[in-house]
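Analysis of the macromolecular model
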Amino acid sequence: MPDLTTTYLGLTLRSPIVASAGPTTRSADSLAELEDHGIGAVVLPSLFEEQIVAESRHIDRTLEAGVGTFGEAADYFPPLADYDVGPDRYLKRVEQAKARVEVPVIASLNATSLGSWTRYAGLLEQAGADALELNIYEVHGDPTRTAAEVEDGDVALAEGVRAVVDIPVAVKLSPYYSAFASFACRLDGIGVDGLVLFNRFYQPDLDLESLEVVPSVELSSSWELRLPLRWIGMVRQHVDCSLAATSGIHDGFDVAKSLLVGADVAMTTSALLRHGAGHVATMENQLVGWMDEHEYESVDQLRGSVRREAAADPEAFERANYFKTLASWR
């Protein structure tokens, strides 16, 4: 049987199949089920700064409700145990996960200010997280802010977090940076341990009856993997950090494609939501079968076999693919 061992963020994983942040990684029970079926590592759902701020404000309003009334009103104060301010519940989730499973547990953080990023990163490290994934999910709609300012701000966030924790740090990015290859190299240069390509931006929908903007979630499809495949193949030779493919990983063949272009791991959520934790074993069997058929003995041997610099003319790689795609319609 091929050796599926891989290294991601300096962590040794038994398999390159990783459960990315989502409902399937929310509870300790679900994490244990994923581990039973052979998952290589798990990424917990993100801790969002907005959730913490909103919770804190709600408690403040609740506690101030009886101000100026009779002392007996104190009897109506809510039990503080039911109103944990800040990241306490999330930190407890990290601790429970570490106590329940042996695979690496990666915490995920999405904050909006540098102070919050660094503060919560330190707390997550103290809670026992094996690594930290910085989920940079922000729509830049300010017309006065340039692309260079956006990139500088994101680099500063990553650099600030990297400076305050000792655990590995990965950055989950969107594909919308104007010069992505250069930006990836900047992050690698400041010591980031890994890049996760790419974050799926959920677009809102419009309700024609209420005329309200409503959230709309659609699970990914395998065709969405094409974007991560292209960029991982293009930047692999330029960065030393780990690379994770995400968006469109639905079976073992998608995992094989990700490894071929140079990814260290392939992350999945939608497939697990559709098929359950047992699908991890199915994906692994598909990957092993493909590797056996093509005589690959290990993930290390497989990784990066098909990448941009392996093309006869790397500089023409992008345009040649474009021409072939246009001519492929029948």
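What you see is a predicted model; the values in this text were computed from it and never measured.

**Focus on the environment of leucine 206**
The residue leucine 206 is located in strand E9 (residues 205-206) in this model. Separated by ten residues in the primary sequence, leucine 206 and serine 216 have C-alpha atoms spaced 9.2 Å apart. Sequence-distant contacts of leucine 206, defined by excluding residues within four places in its chain, comprise Leu211, Glu212, Val213 and Val214.

**Describing the packing of helix H1 (residues 28-36) against helix H3 (residues 88-100)**
For any two helices packed against each other, the geometry is given by the interaxial angle and the distance between the axes. Viewed as axis vectors pointing N to C, H1 and H3 meet at an angle of 35°, and their least axial separation amounts to 9 Å. In this structure, the crossing between H1 and H3 has a hand that is right-handed. Of the residues in H3, those in contact with Ala28, Asp29, Leu31, Ala32 and Glu35 of H1 are Gln96, Ala97 and Arg100. Here the contact of H1 with H3 is built from residues that sort into four nonpolar, one polar and three charged.

**Comments concerning the nonpolar core**
One finds Leu132, Val171, Leu173, Phe180, Leu187 and Leu195 to be the most contacted residues of the largest nonpolar core, which totals 76 residues. When residues of this core are assigned to their parent elements, the largest contribution, six residues, is made by helix H10 (residues 279-293). Here leucine 173 is in contact with Ile136, Phe180, Phe183, Leu187, Leu195, Val196, Leu197, Phe198 and Asn199, once residues within four sequence places are set aside.

**Some words on the sheet that holds strand E3 (residues 17-19)**
Taking strand neighbours around the barrel as the criterion, the eight strands line up as E3-E4-E5-E6-E7-E8-E11-E12 in a closed arrangement whose pairing is parallel. The mean inter-strand angle of the sheet, taken between neighbouring strand axes irrespective of direction, is 25°. Here strand E5 (residues 105-110) runs beside strand E6 (residues 131-135); their pairing, made up of four bridges, is parallel. When the sheet's bridge partners are listed, leucine 109 is paired in E6 with leucine 134. The sheet contacts of H3 involve strand E4 (41-48) and E5, and relative to E4 the element is tilted by about 170°.

**Some details on helix H8 (residues 252-260)**
Counting buried positions along H8 yields seven of nine residues, so the element is predominantly enclosed. Looking at H8, one finds that the buried residues are Gly252, Asp254, Val255, Ala256, Ser258, Leu259 and Leu260. Its buried side turned inward, H8 meets E3, helix H7 (226-235), strand E11 (242-246), strand E12 (265-268), H10 and helix H11 (299-302). For H8, the N-terminal capping position is held by aspartate 251, with its side-chain oxygen 3.0 Å away from the main-chain nitrogen of phenylalanine 253. Looking one or two residues beyond H8, the residue adopting positive phi is glycine 262, at roughly 120°.

**Observations regarding the pairing of E5**
With six of six residues buried, E5 lies mostly within the body of the structure. Taking every second residue as pointing to the same face, both faces of E5 are buried, with Val105, Ala107 and Leu109 on one and Ile106, Ser108 and Asn110 on the other.

**A short note on the pattern of salt bridges**
For the coordinates displayed, the defined rule picks out nine salt bridges. A salt bridge links arginine 236 to aspartate 264; the shortest N-O distance between them is 3.3 Å. With arginine 236 in the loop between H7 and E11 and aspartate 264 in the loop between H8 and E12, this residue pair connects regions lying 28 residues apart in the sequence. In this pair, the class of arginine 236 matches that of aspartate 264, namely buried.

**A closer look at the environment of alanine 156**
Position of alanine 156 relative to the elements: it lies in helix H5 (residues 147-164). Judged by relative accessible area, alanine 156 falls into the partly exposed class, the value being 36%. Taking the C-alpha atoms as reference points, alanine 156 and isoleucine 190, 34 residues apart in sequence, are found 9.5 Å from one another.

**What about the confidence of the model for the protein?**
Here the protein averages 86 in pLDDT, and 82% of its residues register 70 or above. Overall, residues 56-85 carries pLDDT values under 50, and its contacts beyond four positions in sequence, including any with other chains, amount to 14 contacts.

Basis of the calculations
- Residues numbered from 1 in each chain as written.
- Predicted model: local features only at pLDDT ≥ 70, side-chain atom pairs only at ≥ 80, totals over all residues.
- Heavy atoms only, no water.
- Helix = DSSP H or I, 4+ residues; strand = E, 2+ residues; numbered from the N terminus.
- Contact = heavy atoms within 4.5 Å.
- Axes fitted to C-alpha atoms, helices over the stretch in contact; angles between N-to-C directions.
- Left-handed = near helix turned anticlockwise from the far one by under 90°.
- Nonpolar A, V, L, I, M, F, W, Y, C, P; charged D, E, K, R; others polar.
- Core = buried A, V, L, I, M, F, W, Y, C linked by side-chain atoms within 4.5 Å.
- Buried < 20%, exposed > 50% of the residue type's maximum accessible area, 1.4 Å probe, protein only.
- Pairing = 2+ DSSP bridges.
- Polar contact = N/O pair within 3.5 Å; in protein donor to acceptor, adjacent residues only side chain to side chain.
- Salt bridge = Lys/Arg side-chain N within 4 Å of Asp/Glu carboxyl O.
- pLDDT = per-residue confidence, 0-100.

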